[in-house]
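Chain residues, written in single-letter form:
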Amino acid sequence: MSFIQQSRKILTALVLVLVLTVTTACGGVSQATQRPQLPVASSQTYTQLERGSTSAGQKFGDWVVQTAKGIIQDAYVRDNNKLGVVISQQVRPNEVQNLARSLLQGFHKNFPNQDVSVLMYAPDKKLILTARYDDQSKQIQYQ
């Protein structure tokens, strides 16, 4: 084996070791750069992926966002009787009540025999409409 070939192999090995060392050292997240977790009632912590305070609520919230095809930016189910949704800018003001009614009907089917509410939030996260379904009277009220 010639001196040039042997030097080339050694240099390649050193470069690989250097790259692995640098990427491993820089890839870790230090305690100081981690995002602080916000406390929630009880001892749970909030994460961006949470969509419900229960596993059934989590599944329903995920389903709402996935099937909404971009008209709902985010959803969260609390206590299996309150659904909060953040609508996108694609939703026109005259469509909000119909969307709330549809969400309320689907929500009640998944969490039957109780009063349920849907809170509609604008893209800037300001509350724009609350729809409540009364299980006893079978009526929807809007605020």
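Structure: above.
Residues numbered from 1 in each chain as written. Predicted model: local features only at pLDDT ≥ 70, side-chain atom pairs only at ≥ 80, totals over all residues. Heavy atoms only, no water.

**Student:** Got a minute to help me understand helix α2 (residues 55-67) in this structure?
**Tutor:** Since the α-helix packs 3.6 residues into each turn, any two residues three or four apart lie on the same face. Between the first and last C-alpha of α2 there are 18 Å, a value that for 13 residues agrees with the 18 Å anticipated at 1.5 Å per step. Within α2, burial applies to Gly 57, Phe 60, Gly 61, Val 64 and Val 65. Looking down the long axis of α2, one finds its buried residues gathered within 130° of arc, a one-sided arrangement. Along α2, exposed side chains directed more than 90 degrees from the buried face belong to Ser 55, Lys 59 and Gln 66. Those residues of α2 that are buried are in contact with β1 (72-78), β2 (82-87) and α3 (96-110). Immediately downstream of α2, the backbone of Lys 69 shows phi near 50°, a positive value. (Helix = DSSP H or I, 4+ residues; strand = E, 2+ residues; numbered from the N terminus. Expected span 1.5 Å × (residues − 1). Buried < 20%, exposed > 50% of the residue type's maximum accessible area, 1.4 Å probe, protein only. Arc of directions from axis to C-beta. Contact = heavy atoms within 4.5 Å.)

**Student:** Could you clarify how one ought to interpret the sheet that holds strand β4 (residues 127-134) in this entry?
**Tutor:** Here five strands make up an open sheet; going across it, the order is β1-β2-β3-β4-β5 and the pairing mixed. Each edge of the open sheet is held by one strand with a lone partner, namely β1 and β5 (139-142). Strand-to-strand twist in this sheet, taken as the mean axis angle between neighbours without regard to direction, amounts to 15°. Taken together, the six bridges between strand β3 (residues 116-121) and β4 define a ladder with antiparallel strand orientation. If you follow Leu 119 over to β4, its bridge partner there is Thr 130. Here α2 sits on the sheet in contact with β1 and β2, set at roughly 165° to β1. (Pairing = 2+ DSSP bridges. Axes fitted to C-alpha atoms, helices over the stretch in contact; angles between N-to-C directions.)

**Student:** How should unusual backbone geometry be read in this particular structure?
**Tutor:** Of note in the backbone geometry, Lys 69 takes a positive phi value of approximately 50° without being a glycine. Of note, Lys 69 is situated in the loop between α2 and β1. The class for Lys 69 is exposed, based on a relative accessible area of 73%. Unlike most non-glycine residues, Lys 138 shows phi in positive territory, near 60°. Counting through the fold element by element, Lys 138 comes out in the loop between β4 and β5.

**Student:** I tried to follow the environment of Ser 137 on my own but got confused; where do I start?
**Tutor:** Along the chain, the position of Ser 137 falls in the loop between β4 and β5. According to the relative accessible area criterion, Ser 137 is partly exposed, its value standing at 38%. Between the C-alpha atoms of Ser 137 and Asp 115, which are 22 residues apart in sequence, the distance is 9.9 Å.

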